[in-house]
Amino acid sequence: MDKVRVAVIGAGSISESHLNSYQNNPEAEIVAICDLNGERAKAAAQKYGAQKTYTDYHELLADPDIDAVSICTWNNQHAEISIAAAKAGKHVLVEKPLCRTVEEALQIQ
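Residues numbered from 1 in each chain as written. Predicted model: local features only at pLDDT ≥ 70, side-chain atom pairs only at ≥ 80, totals over all residues. Heavy atoms only, no water.

**Student:** So what exactly am I meant to see when it comes to the overall build of the protein here?
**Tutor:** If you tally the helices and strands in the protein, you get 5 helices and 5 strands. Starting at the N terminus and ending at the C terminus, the protein contains elements arranged as β-α-β-α-β-α-β-α-β-α. Expected size for 109 residues packed as a compact globule is a radius of gyration near 13 Å; at 13 Å, the protein falls within 12% of this value. The principal-axis extent of the C-alpha atoms belonging to the protein is close to 35 × 35 × 25 Å. Across the 109 residues that make up the protein, the buried fraction comes to 39%. Restricting to contacts in the protein with at least 6 residues of sequence separation, those with at least 24 account for 50%. Of note, the protein has its 10 positive side-chain charges centred 2 Å away from the centre of its 15 negative side-chain charges. (Helix = DSSP H or I, 4+ residues; strand = E, 2+ residues; numbered from the N terminus. Rg over C-alpha atoms; globule rule 2.2 N^0.38 Å. Buried < 20%, exposed > 50% of the residue type's maximum accessible area, 1.4 Å probe, protein only. Contact = heavy atoms within 4.5 Å. Lys, Arg positive; Asp, Glu negative; His and termini not counted. Charge placed at Lys NZ, Arg CZ, Asp CG, Glu CD.)

Take a look at the structure:
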């Protein structure tokens, strides 16, 4: 079985849990980190061995080398990014809460 090629969107403190878990999973490979703060994305990429960094999640989602994303952004961004990731054909893991409203949850679904 091939490894799942993972990217993390949002390189703040909660992303550490996701990144550590992926790093310790022999079936996962961290390939990219995205954060609005490019230096923070680069630091996380260097720490976890990701080859790519992004400051725009739309560019990350267009990357065919990425199979799945962990969304570790502020709660108010979860729905928008989750929907865009699903439309891009990516597997999606969203940090809790999934979103802010039932309406957003239905859109994600």
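**Student:** How should I be thinking about the pairing of strand 2 (residues 28-34) in this particular structure?
**Tutor:** Two faces, one strand: in a regular strand the side chains alternate between the faces of the sheet. Extensive coverage of strand 2 is indicated by the burial of 6 of its 7 residues. Relative to strand 2, strand 1 (residues 4-9) runs parallel, the two being bridged by 6 bridges. Residue pairing across strands places Arg5 opposite Glu29, the latter belonging to strand 2. As for the winding sense of the linkage, the β-α-β connection from strand 1 through helix 1 (residues 15-23) to strand 2 is right-handed. (Pairing = 2+ DSSP bridges. Right-handed = clockwise from strand over helix to strand, strands pointing away.)

**Student:** Would you explain the side chain of Ser82 in this entry?
**Tutor:** Here Ser82 lies in helix 4 (residues 78-87). Among the residues examined, Ser82 registers a relative accessible area of 2% and is labelled buried. Residues in contact with Ser82, not counting those within four places in the same chain, are Ile71, Val92, Val94 and Ile108.

**Student:** Quick question: what am I supposed to make of the pattern of salt bridges here?
**Tutor:** Pairs can form between side chains of opposite charge once their charged atoms are near each other. Per the stated rule, a full pass over the model turns up 7 salt bridges. With its nearest N and O atoms 2.7 Å apart, the salt bridge here joins Arg5 to Asp67. You can see Arg5 sitting in strand 1 and its partner Asp67 sitting in the loop between helix 3 (57-61) and strand 4 (68-71), a full 62 residues away along the chain. The exposure class assigned to Asp67 is partly exposed, which follows from its relative accessible area of 22%. It is possible to trace a salt-bridge network through shared partners that takes in Lys52, Asp63 and Asp65. (Salt bridge = Lys/Arg side-chain N within 4 Å of Asp/Glu carboxyl O.)

**Student:** Before we go on, may I ask you to explain the environment of Ser17 in this structure?
**Tutor:** Take Ser17: it is sitting in helix 1. Note: C-alpha distance between Ser17 and Cys72 (55 residues apart in sequence) is 9.9 Å.

**Student:** In this structure, what is going on with the pairing of strand 5 (residues 91-94)? I would like to understand it.
**Tutor:** The pairing of strand 4 with strand 5 spans 4 bridges and is classified as parallel. Residue pairing for strand 5: Val69 is matched across the bridge by Val92. A crossover connection joins strand 4 to the parallel strand 5 through helix 4; in handedness this β-α-β unit is right-handed.

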